[in-house]
Amino acid sequence: WMEFELYAPGRRPVDYFVENCPDLCLEIDLYWCAAFGLNKAADEVRRFASRAKLLHVKDGPLVRGAHQFAVGNGIVGIDEALNAADPNVTAWHIVELDSYDGPMMDAVRDSYTYLTGKGLSQGTK
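Computed from a predicted model, the values in this text were never measured in an experiment.

Participant: What am I meant to see in the environment of lysine 40 here?
Facilitator: Tracing the backbone shows lysine 40 in the loop between helix H2 (30-33) and helix H3 (41-47). With 53 residues separating them in the primary sequence, lysine 40 and histidine 93 have C-alpha atoms 18 Å apart.

Participant: Which parts of the structure should I look at to understand the sheet that holds strand S1 (residues 26-29)?
Facilitator: Either a parallel or an antiparallel arrangement is found when strands of a sheet pair, and the pairing is made through backbone hydrogen bonds. The strand order across the open sheet built from three strands is S1-S2-S3, with neighbouring strands paired in parallel fashion. Edge positions in the sheet fall to S1 and strand S3 (92-95), since each of these pairs with one other strand and no more. The average angle at which neighbouring strand axes cross in this sheet is 25 degrees, direction not considered. Pairing of S1 with strand S2 (residues 52-57) involves four bridges; the strand directions are parallel. Along S2, the bridge assignment pairs aspartate 29 with histidine 56.

Participant: When you look at helix H1 (residues 13-20) in this model, what are you seeing that I'm missing?
Facilitator: Residues separated by three or four positions in an α-helix point in the same direction, a consequence of the helix having 3.6 residues per turn. Turning to H1, its buried residues number three or more, namely Val14, Asp15 and Val18. Seen from one end, H1 has its buried residues packed into an arc of 100 degrees, which puts them on one side. Buried residues along H1 sit against S1.

Participant: Quick question: what am I supposed to make of the environment of aspartate 59 here?
Facilitator: Looking at the element boundaries, aspartate 59 is found in the loop between S2 and helix H4 (78-84). The spacing of aspartate 59 and glycine 74 is 15 residues in sequence and 5.0 Å in space, taken between C-alpha atoms. Excluding residues that lie within four positions of it along the chain, aspartate 59 makes contacts with Tyr31, Gln68, Phe69, Ala70, Val71, Gly72, Asn73, Gly74, Ile75, Val76 and Ile78. Among the polar contacts made by the side chain of aspartate 59, one reaches the main-chain amide nitrogen of glycine 72 at a distance of 2.9 Å. A polar side-chain atom of aspartate 59 sits 3.3 Å from the main-chain amide nitrogen of isoleucine 75.

Participant: Sorry, what's going on with a nonpolar patch on the surface here?
Facilitator: Together, Met104, Met105 and Val108 make up a nonpolar patch on the protein surface, roughly 260 Å² of accessible area in all. Looking at where methionine 104 falls in the secondary structure, it is placed in helix H5 (residues 104-117).

Participant: I tried to follow the side chain of aspartate 59 on my own but got confused; where do I start?
Facilitator: Buried charge aspartate 59 goes without a salt bridge, the closest partner of opposite sign being lysine 118 at 9.9 Å. Looking at aspartate 59, its side chain comes within polar contact range of the main-chain nitrogen of asparagine 73, at 3.4 Å. One polar contact links the side chain of aspartate 59 to the main-chain amide nitrogen of glycine 74, over a distance of 3.1 Å.

Participant: Got a minute to help me understand unusual backbone geometry in this structure?
Facilitator: Generally, phi is negative for residues other than glycine and the peptide bonds are trans, each holding for most cases. Residue alanine 35 is not a glycine yet carries a positive backbone phi of 50 degrees. Structurally, alanine 35 can be placed in the loop between H2 and H3. Positioned with a positive phi, leucine 62 is a non-glycine residue whose angle comes to about 60 degrees.

Thresholds applied
- Residues numbered from 1 in each chain as written.
- Predicted model: local features only at pLDDT ≥ 70, side-chain atom pairs only at ≥ 80, totals over all residues.
- Heavy atoms only, no water.
- Helix = DSSP H or I, 4+ residues; strand = E, 2+ residues; numbered from the N terminus.
- Pairing = 2+ DSSP bridges.
- Axes fitted to C-alpha atoms, helices over the stretch in contact; angles between N-to-C directions.
- Buried < 20%, exposed > 50% of the residue type's maximum accessible area, 1.4 Å probe, protein only.
- Arc of directions from axis to C-beta.
- Contact = heavy atoms within 4.5 Å.
- Polar contact = N/O pair within 3.5 Å; in protein donor to acceptor, adjacent residues only side chain to side chain.
- Patch = residues over 30% accessible without salt bridge, like charges linked within 9 Å, V, L, I, M, F, W, Y side chains within 5 Å.
- Areas by Shrake-Rupley, 256 points an atom, 1.4 Å probe, with all protein chains shown as cover.
- Salt bridge = Lys/Arg side-chain N within 4 Å of Asp/Glu carboxyl O.
- Lys, Arg positive; Asp, Glu negative; His and termini not counted.

If you want it as structure tokens, here you go:
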């Protein structure tokens, strides 16, 4: 989340990186770019769509220290964020949870089912 927090009026580390590294490709984490509710994940994906080659797809309550949830069960706005990406640029949706209150593979399975069932991600079996 630190790259998406304000450290000076109107300045965030991610903005500095993009401004100073013209060929930089981004791997945006949908949970952390929301910076605990400071930003909207879809707005961040849209803002950097031309550079976002990879998206880390995770969901949860956007509360510091709280466990994350299977994708689709939190308040990140996964559908809107993934739809904000440029399909000609974004190559991968990577399900990643830093912590989960239960068997991690249940969250991975449920996330996969959510993403592929809604047509948000292709997936493979």
